Amino acid sequence: MAESSGLLATALREHQLFYQSLSKHLPELEGEVIAAAHEAIRELATAAAVPCAAYEPVIEAVASAVEYCEFTGHPEGARYYAYWHVLLLADQALCASV
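Since the model is a prediction, treat every value here as computed from it, not as a measurement.

What counts, and where the lines are drawn
Residues numbered from 1 in each chain as written. Predicted model: local features only at pLDDT ≥ 70, side-chain atom pairs only at ≥ 80, totals over all residues. Heavy atoms only, no water. Helix = DSSP H or I, 4+ residues; strand = E, 2+ residues; numbered from the N terminus. Contact = heavy atoms within 4.5 Å. Core = buried A, V, L, I, M, F, W, Y, C linked by side-chain atoms within 4.5 Å. Buried < 20%, exposed > 50% of the residue type's maximum accessible area, 1.4 Å probe, protein only.

K.L.:
Before we go on, may I ask you to explain the side chain of glutamine 16 in this structure?
P.N.:
For glutamine 16, the position within the fold is in helix H1 (residues 2-22). Setting aside chain neighbours within four positions, we find glutamine 16 in contact with Leu44, Ala45, Thr46, Ala47 and Val50.

K.L.:
Could you clarify how one ought to interpret the nonpolar core in this entry?
P.N.:
The biggest cluster of nonpolar side chains holds 25 residues, and the ones touching the most others in it are Tyr19, Tyr55, Val58, Val62, Tyr81, Trp84 and Leu88. Listed by contribution, the elements that provide at least two residues to this core are H1, helix H2 (32-46), helix H3 (55-72) and helix H4 (75-97). Element by element, the count of residues in this core is highest for H3, at eight residues. Setting aside its immediate chain neighbours within four residues, tyrosine 19 contacts Leu44, Ala45, Tyr55, Trp84, Leu87, Leu88 and Asp91.

Quick look at the structure:
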């Protein structure tokens, strides 16, 4: 099981690098909800170490961005933030199992 745990930890580190790259190309949408999601994403992406508890506020902010984009008629933004949402949920689950 230690080998599996090491693989999961490696996956989390690789995902952190992916987040850093993605966070440099956030969509240019307006609104406080979007700004809050971007800030949360950037904080997570630039963190040296990410505790499991750090995912929850980012997940909530991104979920709000999905809802905001759906409500304001930005389907591409909704898909983009939904993608982030799934990535974050997966990493939160990985983090809990490492």
